[in-house]
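Residues per chain, in single letters:
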Amino acid sequence: MQALGMQALTYSTFGEPSDVIRLTDLPDGQPGVGEVRLRIVQAPIHNHDLATIRGRYGVRPELPASAGSEALGIVEACGDGVSNVKVGQRVASSGIRGAWAQHAIVPAQGVVPVPDGMPDDAACQLLAMPLSALVLLDELHLPEGTWIVQTAAGGAVGRLLESIAARKNISVINLVRREEAAQALRNDGARHVVSTDADDWTTHVRAIVGDGKISRIVDSVAGPLALKLVRLLADRGEFVVFGALEPKPLSIDPGALIFNHIIVRGFWMTKWMQEATPQQRGAAFADLFALVQAGALDLRVSAHFPLSDAKAALIAAETPGRQGKVTFRPSP
């Protein structure tokens, strides 16, 4: 069968996304065994997408590469051996190579049917960030009443982690880098928010906790901030590295690690998905759908862009103070 053409956002060199991304004509192709072809309805811009384009993520694709990793789509064609979805079905998919495109060919086992009543804005970002927040919190193994601290709390995972933790009676201190971002979180109902642009921000954190103990820190920033963060942890606490928005290496106080028996470890959702059993993945998806249907998660979108306006979209995605995801809506 002759391949049709499509448009996709690609890059042939690593660098600043708004500089290196290009709108490219590519062949559409047909799904192989165990694959499906999706017509992309909507695809979000995630921080890890931007890190990948910069060449700073855990996986560096071969160049030239197609950008974007998550999307909501409609199944247009199924390859041999596909039985879990059918043509015309609305599905979410994460871990895609080339989600910022009109079409994508993806493994059928990685797509998840989406309830008809779920809005596109929520469904397009259903898996990567909300599922990461849900599984990350579960992987922290925390009892009710525990205190944790998270950085980059104004981002998608940060907001979601706060919402899910509240339902589990886990107290979160949300750290952001600007007071404006802190006030925005407070306005949205976050219980404990501290801006690290104040010199005495650790004093504010300790005042909030009072006689409590901080048993976990979830850090998405890295860099020198970690020096102060790790000193907030109680004995035998865990410092969990989830991201690295700061280009500088993680700075850790060895004394805090030695004398307080602090554990430093990473969490990568891709690794969890690779290692989880079908039962574990199914349970996580069920919990996630229940939270979304109950309106417990904030999955707002701040702006929609066509592929042809990629530069503006990528700049908007990294503009401070943004409320909600920036997404692409490819034209048919």
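The structure this text deals with has already been given above.
Here we summarise the structure given alongside this text.

What counts, and where the lines are drawn
Residues numbered from 1 in each chain as written. Predicted model: local features only at pLDDT ≥ 70, side-chain atom pairs only at ≥ 80, totals over all residues. Heavy atoms only, no water. Buried < 20%, exposed > 50% of the residue type's maximum accessible area, 1.4 Å probe, protein only. Helix = DSSP H or I, 4+ residues; strand = E, 2+ residues; numbered from the N terminus. Arc of directions from axis to C-beta. Contact = heavy atoms within 4.5 Å. Expected span 1.5 Å × (residues − 1). Axes fitted to C-alpha atoms, helices over the stretch in contact; angles between N-to-C directions. Parallel < 35°, antiparallel > 145°, perpendicular 65-115°, else oblique. Left-handed = near helix turned anticlockwise from the far one by under 90°. Nonpolar A, V, L, I, M, F, W, Y, C, P; charged D, E, K, R; others polar. Core = buried A, V, L, I, M, F, W, Y, C linked by side-chain atoms within 4.5 Å. Pairing = 2+ DSSP bridges.

Here we take up helix H12 (residues 310-317). Since there are 3.6 residues in each turn of an α-helix, residues three or four apart along the chain are aligned in direction. Among the residues of H12, Ala310, Ala313, Leu314 and Ala317 are the ones counted as buried. Along the long axis of H12, the arc covered by the buried residues comes to 95°, so they all point the same way. For H12, the elements touching its buried residues are strand E1 (5-11), helix H1 (17-20), helix H2 (47-54), strand E15 (301-305) and strand E16 (325-328).

Here the focus is helix H11 (residues 278-293). For H11, spanning 16 residues, the distance from its first C-alpha to its last is 22 Å, which sits close to the expected 22 Å at 1.5 Å a residue. All buried positions along H11 are accounted for by Ala284, Phe285, Leu288, Phe289, Leu291 and Val292. One face of H11 carries all of its buried residues, which in axial projection span an arc of 160°. Residues of H11 that are exposed and angled more than 90 degrees away from the buried face: Gln279 and Gln293. At the exit of H11 stands Gly295, carrying a positive phi of roughly 75°.

In this section: the packing of helix H4 (residues 128-139) against helix H5 (residues 156-167). Relative to each other, H4 and H5 sit at 50°, their axes nearing to 9 Å. Relative to H5, the element H4 lies oblique. Of the two possible hands of crossing, H4 and H5 adopt the one that is right-handed. Across the interface between the two elements, Met129, Pro130, Ala133, Leu134 and Leu137 from H4 touch Ala156, Val157, Leu160, Leu161, Ile164 and Ala165 from H5. Looking at side-chain class alone, the contact of H4 with H5 contains 11 nonpolar, no polar and no charged residues.

Below, the discussion takes up unusual backbone geometry. In this structure, Pro64 follows Leu63 across a cis peptide bond, with omega equal to -5°. Among the secondary structure elements, Pro64 is positioned in the loop between H2 and strand E4 (65-66). In the Ramachandran plot, Asn169 falls in the positive-phi region, its phi being about 60° despite a non-glycine side chain. On the secondary structure map, Asn169 appears in the loop between H5 and strand E10 (171-176). Take Asn169: its relative accessible area is 42%, and that puts it in the partly exposed class. Located in the positive-phi region is His261, a residue other than glycine, with phi close to 55°. Its place among the elements puts His261 in the loop between helix H9 (254-260) and strand E14 (263-266).

So, about the nonpolar core. Membership of the largest hydrophobic core comes to 45 residues, with the highest contact counts inside it found for Leu137, Leu140, Ile148, Leu288 and Leu297. Secondary-structure elements contributing two or more residues to this core are strand E5 (70-78), helix H3 (120-123), H4, H5, helix H10 (269-275) and H11. No other element matches the 8 residues that H4 contributes to this core. Not counting the four nearest positions on each side in its chain, Leu140 is found in contact with Ile148, Arg216, Val218, Val240 and Arg265.

At a closest axis distance of 10 Å, the pairing of H4 and H11 adopts a crossing angle of 115°. Taken together, H4 and H11 sit at an angle that is classed as roughly perpendicular. Crossing of H4 against H11: the hand is right-handed. From H4, Pro130, Leu131, Leu134 and Val135 reach across to H11, where they touch Ala284, Phe285, Asp287, Leu288 and Leu291.

What follows covers the pairing of strand E3 (residues 35-44). Within a regular beta strand, the side chains point alternately toward one face of the sheet and then the other, so they alternate between its two faces. Among the 10 residues that make up E3, 8 are buried, leaving the element largely enclosed by the rest of the structure. As paired strands, E3 and strand E7 (residues 103-107) are joined by 5 bridges and run antiparallel to one another. Bridge assignment links Glu35 to a residue of E7, and that residue is Pro107. Summarising the sheet, E3 and E5 pair through 6 bridges and their orientation is antiparallel. Counted as the bridge partner of Val36 is Cys78 from E5. Here 2 bridges tie E3 to E16, and the two strands are oriented antiparallel to one another. Looking at E16, one finds that Ala43 is bridged to Phe328.

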